[in-house]
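A structural walkthrough
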Amino acid sequence: MQNKDNSYNLIDNTEEKQYEFHIDTFVARIEYIKAKNNIYLTHTDVPKELENKGIGSKLVNQVFRIIEQNNLTLIPLCPFVATYIKRHPEWRKLVMKGINIT
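Residues numbered from 1 in each chain as written. Predicted model: local features only at pLDDT ≥ 70, side-chain atom pairs only at ≥ 80, totals over all residues. Heavy atoms only, no water.

1. Things to note about the overall build of the protein chain
- Counting its secondary structure elements, the protein chain contains two helices and five strands.
- Reading the secondary structure of the protein chain in the N-to-C direction produces β-β-β-β-α-β-α.
- Seen through its principal axes, the protein chain has C-alpha atoms that stretch 40 × 30 × 25 Å.
- When burial is assessed residue by residue, the protein chain has 40% of its 102 residues classed as buried.
- By sequence separation, contacts in the protein chain at least 24 residues apart represent 41% of the contacts at least 6 residues apart.
- Here the protein chain has roughly 6,400 Å² of accessible surface; of this, 45% comes from carbon and sulfur atoms.
- In the protein chain, 14 positive and 12 negative side-chain charges are present, and the distance between their average locations comes to 9 Å. (Helix = DSSP H or I, 4+ residues; strand = E, 2+ residues; numbered from the N terminus. Buried < 20%, exposed > 50% of the residue type's maximum accessible area, 1.4 Å probe, protein only. Contact = heavy atoms within 4.5 Å. Areas by Shrake-Rupley, 256 points an atom, 1.4 Å probe, with all protein chains shown as cover. Lys, Arg positive; Asp, Glu negative; His and termini not counted. Charge placed at Lys NZ, Arg CZ, Asp CG, Glu CD.)

2. Overview of the pattern of salt bridges
- Here the structure, examined in full by the defined rule, presents four salt bridges.
- Between aspartate 12 and lysine 34 there is a salt bridge, and its shortest N-O distance comes to 3.5 Å. One end of the pair, aspartate 12, is in strand β1 (residues 10-13); the other, lysine 34, is in strand β3 (residues 26-35), with 22 residues separating them in the sequence.
- Among the residues examined, aspartate 12 registers a relative accessible area of 34% and is labelled partly exposed.
- For aspartate 45, the salt bridge is made with arginine 29, and the minimal N-O distance between the two is 3.7 Å. In this pair, aspartate 45 is assigned in strand β4 (residues 38-45) and arginine 29 in strand β3, connecting sequence segments 16 residues apart. (Salt bridge = Lys/Arg side-chain N within 4 Å of Asp/Glu carboxyl O.)

3. Description of the side chain of asparagine 13
- Relative to the helices and strands, asparagine 13 resides in strand β1.
- Within the structure, asparagine 13 has its side chain in polar contact with the side chain of glutamate 20 (distance 2.9 Å).
- Aside from chain neighbours lying at most four places away, what touches asparagine 13 is Gln18, Glu20 and Tyr32. (Polar contact = N/O pair within 3.5 Å; in protein donor to acceptor, adjacent residues only side chain to side chain.)

4. Quick look at the pairing of strand β2 (residues 18-23)
- Among the six residues of β2, five are classified as buried, and the element is accordingly described as predominantly covered.
- The sheet contact formed by β1 and β2 spans four bridges and is antiparallel. Across the sheet, leucine 10 pairs through a bridge with phenylalanine 21, a residue of β2.
- Relative to β3, β2 is paired through six bridges, and the arrangement is antiparallel. Counterpart to tyrosine 19 in the pairing with β3 is isoleucine 30. (Pairing = 2+ DSSP bridges.)

So, to be careful, I would describe these as geometric facts and stop short of saying anything about function.
Written as C-alpha cells, this is what we have:
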C-alpha cells in the first residue's frame, strides 16, 4: 500500500477541484476553491480503510508544499487542515493574515 519512499503521488484533479492520493482502489482527497492567489481548503476525506495510517497528514503536507511553491495564500476552512497547522506551526506562514487558528 505504501511506496518505498513513504510518499504518495499527489494529483491535482482540477475538474473535481481536489487534491488526491490514489492508494489501491481508494482515493484520499482535499477539496479546494481557488480564487485569485487564494486557496480555500474546504474538506479532507480519507476512506475508512485508510484511516489511522497518517495518510491525511501526508496529503495535507504535500498540498502545503504545492501552495508554498505557487505562492498561494491559504484559508483553512477544513477542521483537519486547521488542526494540522496547530500541530505544525511552521506552516502558519501560508495562512492569510488575520486568520486565527484555534
